[in-house]
Every structure is written in structure tokens, then in C-alpha cells.
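Summary of the model geometry
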Amino acid sequence: MEPPEVILDNADTVYDFYLDHRQNRLKALAAYALLGRRYQPRISYAAGARDQLLALVRSGRPTIYSINHLSQSDPYTVAATAWRSPLRSVIGKVRVLAKDELFAEPGQRRKVDMMGGIPVFRGKDHGIRAVNAAGQRMMDICAQRLARGDNLAIFPEGTCNEVDPTQVQAVGSGIGHIAFRAMRLGVRPALVSIGLSYGPRDDPSILPTKEEAKSASFYFQPPIAELPAKPGDIARVARTDLQLALEGAIANY
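Structure report, in brief. Given the structure is predicted, the values throughout are model-derived calculations rather than measurements.

**A closer look at helix 5 (residues 106-114)**
Along helix 5, the positions that sit buried rather than exposed are Gly107, Arg109, Val112, Asp113 and Met114. Residues of helix 5 that are buried make contact with helix 1 (11-20), helix 2 (25-38), strand 3 (94-99) and strand 4 (117-120). Remark: Gly116 follows helix 5 within two positions and exhibits a positive phi of approximately 90°.

**Considerations on the side chain of Glu157**
Of note, Glu157 is situated in the loop between strand 5 (151-154) and helix 8 (174-184). Here His69 takes part through its backbone nitrogen, which lies 2.6 Å from a polar atom of the side chain of Glu157. Beyond its immediate stretch of four places on either side in the chain, Glu157 contacts Asn68, His69, Gln167, Val168, Gln169 and Ala170.

**Concerning the nonpolar core**
The biggest cluster of nonpolar side chains holds 43 residues, and the ones touching the most others in it are Tyr15, Ile64, Leu97, Phe121, Met138, Ile175 and Ile178. Taken together, the elements giving at least two residues each to this core come down to helix 1, strand 3, strand 4, helix 7 (128-147), strand 5, helix 8 and helix 10 (231-251). Of the residues forming this core, the biggest block, eight residues, is contributed by helix 7. Filtering out sequence-adjacent residues up to four positions away, Phe121 remains in contact with Val6, Ile7, Leu8, Ala11, Tyr15, Asp100, His126, Val131 and Ala134. Tyr32, Leu35, Leu53 and Val57 belong to the second largest nonpolar core, which has 33 residues in total.

**So, the packing of aromatic side chains**
The tally for this structure, following the rule as stated, stands at four aromatic pairs. Taken together, a centroid distance of 5.8 Å and an interplanar angle of 75° make the contact between Tyr18 and Phe103 edge-to-face. Of this pair, Tyr18 sits in helix 1 while Phe103 is found in the loop between strand 3 and helix 5, placing the two residues 85 residues apart along the sequence. A relative accessible area of 3% places Phe103 in the buried class. What links up through ring pairs into an aromatic cluster is the set Phe17, Tyr18 and Phe103. Here the basic side chain of Arg42 rests over the ring of Tyr253, its NZ or CZ set 4.2 Å away from the ring centre. Lying over the aromatic face of Trp83, Arg88 brings its terminal NZ or CZ to 3.9 Å of the ring centre.

The rules behind each value
- Residues numbered from 1 in each chain as written.
- Predicted model: local features only at pLDDT ≥ 70, side-chain atom pairs only at ≥ 80, totals over all residues.
- Heavy atoms only, no water.
- Buried < 20%, exposed > 50% of the residue type's maximum accessible area, 1.4 Å probe, protein only.
- Helix = DSSP H or I, 4+ residues; strand = E, 2+ residues; numbered from the N terminus.
- Contact = heavy atoms within 4.5 Å.
- Polar contact = N/O pair within 3.5 Å; in protein donor to acceptor, adjacent residues only side chain to side chain.
- Core = buried A, V, L, I, M, F, W, Y, C linked by side-chain atoms within 4.5 Å.
- Phe/Tyr/Trp six-rings, centres within 6.5 Å; stacked < 30°, edge-to-face > 60°.
- Lys NZ or Arg CZ within 6 Å of the ring centre and 35° of its normal.

This is the structure we're talking about:
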């Protein structure tokens, strides 16, 4: 199936495509390895978290990786961290939610597709009512991918934090609905919160410098194996755990 144009009016066809799309894993591994050499993230773990993460990855259990969002540099530093952490073995098996505008330019789209991207039509870009049906379909697709054994990486804040990089912004119910829908399909995804910091920021709206991006701090919380049964409760747990991860990333910068 040829990749469809990623526009809101074409959302049904777009999600039909991304229900089954698979990237070339060897190319993905090569790209992550390159980013792993280019960036030198500082990676730290809560007590026992690294061993628990290793066990989770080896088990093959579908997992939602939740990361706070600070800048347009994040996908690159997150990829470098995946290469330099126990997540290396799941590269090519992770779907990554990405805003639809990243799929507009063909060259950029090839890179996003290679990284496992799934488009998200955001209310802030198109209007809440306009994206409702597409958003429902996107969550269904993510749940189905989890049920098939894939993992999911998500910035649950939905946009870059340009207010206070020490505090996780509001987390919408989307992450909860995805996990809940996966549960209804017979799987219970685990949750791993990963905090990200580029160090003290006088002006959070300014992109981190090249050196700041290269030395980003990441902090892994222990996996949460059992999530609540309701979407809203899942979202609240996700935000609380992500805040702890962010505080760890700041402390270890």
C-alpha cells in the first residue's frame, strides 16, 4: 500500500495505513546508532529501575514509554538514549506518536516513518471538534498495535513545555484511553516514565544549544506493571510518575 497523504480530510486512509505499517528495522537501528554517537545523554535510573527495565524488555510485554516534552530536539536525544540504554533491543518495535506536520515534507516523512511514527492530528492545530473522530481512530490504532505486541512512545503533554521545564504540564486523557483500549483487547501494557532535562533554562521557549542537547539528562522510573482500570486514573498516574522522572533528570543533570 502506497503511503497516503497525511491530512485531516484523509484521516481514515491514513490510519488504515499505519495500522499495519512496518519500518525497516535495520535502517532504524542504523539511524539510532548514529544518533547515539552524535549525542551523549546522561542516563540514570531510580533504584532498581534498570534491572526492572531489562526484565520488562526481555519479557516482550507491550509497554508505553512516556517522556516529558521540552523542545524540537527531543526526538533525537530520546533516540540516542534508546540506543544507549536497555531500550536498544526494542528499536524497530516501538510506534512513536508524532504531530501530522512532520509527515508533510517527503524527506522528513521518510525519517519519521523509519522511526515508527504514527501521525497525530492535534486540536491546537486543527480545532478540537475537527480532530475528534481522527483522535478516536488514532487511539484505537495505538491500542491495536499494543495488542499485537508493539510498544508505544508518547509525549503525553502533547506539546513542548515553554512555561516551566521543572514541572510536567497537564497530561490529557489520551494516554489513559490508549492503555484502557489495549486492556479491552486483552493486553495489559506496562508504563515506563522517562524524565528529560537540558539543564536550567532562563527562557524555556529558546531551543537548547547544540551542546545542551548533546548532554541531555534522562532518568528512568521503575516500570509500572499494573495500571488502573479507568482512563482518567491512568492519566493521573502517568503524570505523577512522569513528574518524579523529570525531577530525577534535573537532579542528575
